[in-house]
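Structural overview
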Amino acid sequence: MTQLTILRYPDPRLHTVAQPVAAVDARIRALVGDMLTTMYEAQGIGLAASQVNVHEQLVVIDVSEGRDQPLVLINPEIVWSSPETQVNDEGCLSVPGVYDGVERASAIRVQALDLGGNLQTHNADGLLAVCIQHELDHLMGKVFVEYLSPLKRNRIRSKMLKQKKDDEREEAR
Ligand code: NI
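Note that this is a predicted model, so its numbers are computed, not measured.

Cut-off values and rules
Residues numbered from 1 in each chain as written. Predicted model: local features only at pLDDT ≥ 70, side-chain atom pairs only at ≥ 80, totals over all residues. Heavy atoms only, no water. Helix = DSSP H or I, 4+ residues; strand = E, 2+ residues; numbered from the N terminus. Buried < 20%, exposed > 50% of the residue type's maximum accessible area, 1.4 Å probe, protein only. Contact = heavy atoms within 4.5 Å. Polar contact = N/O pair within 3.5 Å; in protein donor to acceptor, adjacent residues only side chain to side chain. Donors = N, O, S within 2.8 Å, 3.2 Å for Na, K, Ca; no water. Pairing = 2+ DSSP bridges. Axes fitted to C-alpha atoms, helices over the stretch in contact; angles between N-to-C directions.

What follows covers the environment of Ser-50. Mapped onto the elements, Ser-50 comes out in the loop between strand E1 (46-48) and strand E2 (58-61). Note on Ser-50: relative accessible area 0%, which makes it buried. Each C-alpha atom, one on Ser-50 and one on Leu-14, is 6.2 Å from the other, the two residues being 36 residues apart in sequence. With sequence-adjacent residues up to four places away left out, Ser-50 is seen in contact with Leu-7, Leu-14, Ala-18, His-55, His-138 and Leu-139. From its side chain, Ser-50 meets the backbone oxygen of His-138 in a polar contact 3.1 Å long.

Distances from the nickel ion to its protein donors, namely Cys-92 (SG), His-134 (NE2) and His-138 (NE2), fall within the range 2.1 to 2.2 Å. Using a relative accessible area of 10% as the deciding quantity, one classes Cys-92 as buried.

Remark on secondary structure: sheet strands pair via backbone hydrogen bonds, oriented parallel or antiparallel. Across the sheet, five strands lie side by side as E1-E2-E3-E6-E7; this open sheet has antiparallel pairing. A strand with exactly one partner marks an edge of an open sheet, and here the two such strands are E1 and strand E7 (119-125). Looking at each pair of strands side by side, their axes are set apart by 40 degrees on average, direction ignored. On the sheet, helix H1 (residues 26-41) packs against E1, E2 and strand E3 (71-81) and is oriented at approximately 40 degrees with respect to E2. Running at roughly 150 degrees to E2, helix H2 (residues 126-139) makes contact with E1, E2, E3, strand E6 (107-113) and E7 of the sheet.

Side chains Leu-58 and Val-60 of E2 all project onto a buried face; the interleaved residues Val-59 and Ile-61 project onto the opposite face, where all are buried too. Sheet topology note: the E1/E2 ladder contains three bridges and is antiparallel. Counterpart to Ala-48 in the pairing with E2 is Val-59.

Spelled out as structure tokens, the structure:
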């Protein structure tokens, strides 16, 4: 399993709209393995293919305590959202160190293919519902900071660009 490079905001590639996965084949299964390795290594609870510069509709999630219940969603579609909403602090592996409140549906129903290529329906609430909505946004080219005020977003953009410069200087040493 290979650890993949995670794109960081404001990398413009994060705004690419993902295409449907054409076939759940060996290539996709290998990609899922690499994405899970990458997500667990980065201690994240979700990762969209968009974040590793693969623009296909695929996300991996694990919100379990034991980090042993991976959920793979291929070509996911939210088919129902509760009218009730909730504001939760969110973070993102593409925006390290930034956490802020985002309002989302409290519960959702999502349909997606699993690794066997079978259509599954998942009902989710709580953290899982938040995570699925956050990851599906990535597939549409949307990063959670886009829900925040322009002022906050600009601050985050500057912070990320400065961090990138510092990291590059560090690597150059
Ligand atoms: Ni994210």
